[in-house]
Amino acid sequence: MHLFSSPFPNHDCAANRRYPPSRHVVDDNGHKWRLCAGAAVFNSKNEILVGERIGKKGSWQAPQGGVDASIGKNGKLETVTEAAIRELYEEVGLETGKHVLLEKADPNAAPMKSRYKTEGTGSWLKRGGFSGQELNWIIFRCVDSNLECDPSLICTLSGSNGESAEFNSVRWMSLDWVVENVWAGKRGPYEKLRDFHSQVTENWETRCAEIDFNGKWSRESNRSVGLFEALMARGISEEKAITSATEPYVQIWQRLDDSRKLEFKVTTFDKDTESIRRELIYPLGKFTEAYEGNSMLFGGVDGGLIHRECFYLAEPDADEEIAHVTISVTPRGREESRRYLKNGELILRRSFWHTWRMEEVVSTEVFVRC
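Quick notes on the rules
Residues numbered from 1 in each chain as written. Predicted model: local features only at pLDDT ≥ 70, side-chain atom pairs only at ≥ 80, totals over all residues. Heavy atoms only, no water. Helix = DSSP H or I, 4+ residues; strand = E, 2+ residues; numbered from the N terminus. Contact = heavy atoms within 4.5 Å. Areas by Shrake-Rupley, 256 points an atom, 1.4 Å probe, with all protein chains shown as cover. Expected span 1.5 Å × (residues − 1). Buried < 20%, exposed > 50% of the residue type's maximum accessible area, 1.4 Å probe, protein only. Phe/Tyr/Trp six-rings, centres within 6.5 Å; stacked < 30°, edge-to-face > 60°. Lys NZ or Arg CZ within 6 Å of the ring centre and 35° of its normal. Pairing = 2+ DSSP bridges. Axes fitted to C-alpha atoms, helices over the stretch in contact; angles between N-to-C directions. Salt bridge = Lys/Arg side-chain N within 4 Å of Asp/Glu carboxyl O. Core = buried A, V, L, I, M, F, W, Y, C linked by side-chain atoms within 4.5 Å. Bend = angle between axes of the 7 residues up to and from the residue. pLDDT = per-residue confidence, 0-100. Polar contact = N/O pair within 3.5 Å; in protein donor to acceptor, adjacent residues only side chain to side chain.

Focus on the overall build of the protein
Moving on, step 1. Summing up its helical and strand segments, the protein has 7 helices and 24 strands in all.
Moving on, step 2. Counting only contacts in the protein whose residues sit at least 6 apart along the sequence, the fraction spanning at least 24 positions is 57%.
Moving on, step 3. Surface summary for the protein: the accessible area is close to 17600 Å², and the carbon and sulfur share equals 49%.

What follows is the structure, given as structure tokens:
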């Protein structure tokens, strides 16, 4: 197989669109295939992000596009991975490092790629001498909890970098569903991706299970950032916010047995660091907690019902690029608690969105083993 760059731009007259020149490969039989990148973004449930194509109701697919043949600012041709990152931004507005993160790939794994023919479609590909496209899958993991919960809140579908819109809506769906609802001619690459899905899922769950939160952790209050302001934003009085931000805060995290190895029992101690204040199991998925006593989630007053959801997301700041995330919703607002390990310390980053104010309030706390 040989790899080439097409010297001419690509056109789709029917859609009145112009594509930049793409790289292509030539197989042993002399057939030319346009080199493409597909962005497979998975959430914590191992569902894939797909969009419904404009003008093709009921046809769903992941962001994808050709690998550009032009020389980039680094003096090199665009790679498949770089093309997937670009297409993900252009088609759904997602930025790598902010909304998603490249999944750590097994260096010994076979490439996830598949070719599909476009003959009989009358497309510019056929007229340009291509037998079809070679779609190479690049795996991404969700970083943003809002994207995890509802991609329509985060994705931009109007087209970026001067590109036209591709989709009219987006959603998370199982790969089985997508295989049945993608354009029939493009089903092959999605079947290939499905063949790798169990391996992708196993790799992610293994990495999550290796995150070692086990042990007793104590907050170093002098290293907190934005905590006082965050407490005040939740409606806590200034005096109580000062006290809460500086008093001892100790927890024990204990992983459950092998059948629930991604879940934890968390014991929180009172400010004397010895009396147990509460114990809570953090299961994966949604659950409701009846909270008794004062809580900053309720503005420092007696608690009530907290609607929670726990899952794992990618986290670029973590040593292993994974965080344990808890979403907590009360009448006062929505809070994301993101915990991850960095340099042997446990980082707790909280983001709070008040019910009647849209701005995000962020604080960071640092815990050390004790």
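This is not the end of the story, as more comes after the structure.
Remarks on unusual backbone geometry
Most peptide bonds adopt trans geometry, and most residues besides glycine take a negative phi value.
Moving on, step 1. Of note, the phi angle at Asn161 is positive, near 60 degrees, even though the residue is not glycine.
Moving on, step 2. We note that Asn343 has phi near 55 degrees; this positive angle belongs to a residue other than glycine.
Moving on, step 3. With respect to the element layout, Asn343 can be found in the loop between strand 22 (333-342) and strand 23 (345-354).

Notes on helix 1 (residues 80-92)
Moving on, step 1. Between its first and last C-alpha atoms helix 1 spans 18 Å; for 13 residues at 1.5 Å apiece the expected length is 18 Å, and the two agree.
Moving on, step 2. Inspection of helix 1 places Val80, Ala83, Ala84, Arg86, Glu87, Leu88, Glu90, Glu91 and Val92 among the buried residues, and these make up the whole buried set.
Moving on, step 3. For helix 1, the elements touching its buried residues are strand 5 (32-42), strand 8 (64-66), strand 9 (100-102), strand 11 (132-142) and strand 12 (167-173).

Some points on the packing of aromatic side chains
Moving on, step 1. Applying the stated criterion across every chain yields a total of 8 aromatic pairs.
Moving on, step 2. Between Tyr249 and Phe367, the ring centres sit 5.4 Å apart and the planes meet at 70 degrees, which makes this aromatic pair edge-to-face. Of the two residues, Tyr249 sits in the loop between helix 7 (238-246) and strand 14 (250-255) while Phe367 sits in strand 24 (residues 360-369), which places them 118 residues apart along the sequence. We note that Tyr249, like Phe367, is buried.
Moving on, step 3. Between the NZ or CZ atom of Lys32 and the centre of the ring of Phe130, over which it lies, the distance is 4.6 Å.

Looking at the sheet that holds strand 23
Moving on, step 1. The strand order across the open sheet formed by 10 strands is 16-15-14-13-24-23-22-21-20-17, and the pairing between neighbours is antiparallel. A strand with exactly one partner marks an edge of an open sheet, and here the two such strands are strand 16 (276-282) and strand 17 (285-290). Across the sheet, the mean angle separating the axes of adjacent strands is 25 degrees when strand polarity is ignored.
Moving on, step 2. Looking at chain direction, strand 13 (residues 215-219) and strand 24 are connected through 3 bridges and run antiparallel. Each residue of the ladder has a partner; that of Trp217, found in strand 24, is Arg369.
Moving on, step 3. Contacts between helix 5 (residues 187-209) and the sheet are confined to strand 14, strand 20 (305-314) and strand 21 (322-330), with strand 20 contributing the most and set at about 110 degrees to the helix.

Quick look at the pattern of salt bridges
Moving on, step 1. By the definition in use, this model includes 24 salt bridges.
Moving on, step 2. As a salt-bridge pair, Arg115 and Glu134 come within 3.0 Å of each other at their nearest N and O atoms. With Arg115 in strand 10 (residues 113-117) and Glu134 in strand 11, the pair connects residues that are 19 residues apart, well separated along the chain.
Moving on, step 3. For Arg338, the salt bridge identified is with Glu336, shortest N-O distance 3.0 Å. Like Arg338, the residue Glu336 is buried in the burial classification.
Moving on, step 4. Overlapping salt bridges, with partners in common, bring together Asp68, Glu78, Arg86, Glu87 and Glu90 in one network.

Section: the nonpolar core
For soluble globular proteins, nonpolar side chains are generally found buried alongside one another.
Moving on, step 1. Formed by 32 residues in total, the largest nonpolar core has its most connected members in Leu88, Leu94 and Phe140.
Moving on, step 2. Contributing elements (two or more residues each) for this core: strand 5, helix 1, strand 11, strand 12, strand 20 and strand 21.
Moving on, step 3. Non-local contacts of Leu88, meaning those with residues more than four positions away in its chain, are made with Ala39, Val41, Pro63, Gly93, Leu94, Val100 and Phe140.
Moving on, step 4. Listed in part, the 21 residues of the second largest apolar core include Met173, Leu175, Val182 and Leu193.

Some words on helix 5
Moving on, step 1. If you check helix 5, its first and last C-alpha atoms are 33 Å apart, about what 23 residues at 1.5 Å a residue would give, namely 33 Å.
Moving on, step 2. Largest kink in helix 5: about 40 degrees, centred on Phe196.
Moving on, step 3. Of all the residues in helix 5, the buried ones are Pro189, Tyr190, Leu193, Phe196, His197, Val200, Thr201, Trp204, Arg207 and Cys208.

Concerning the confidence of the model for the protein
Moving on, step 1. With 90% of its residues at a pLDDT of 70 or more, the protein has an overall mean of 88.
Moving on, step 2. Long-range and interchain partners of residues 11-16, a stretch whose pLDDT sits below 50, account for 9 contacts in this model, where long-range means more than four residues apart.

Thoughts on the side chain of Ser22
Moving on, step 1. With respect to the helices and strands, Ser22 occurs in the loop between strand 3 (17-19) and strand 4 (23-26).
Moving on, step 2. A distance of 3.1 Å separates polar atoms of two side chains, one belonging to Ser22 and the other to Arg34.

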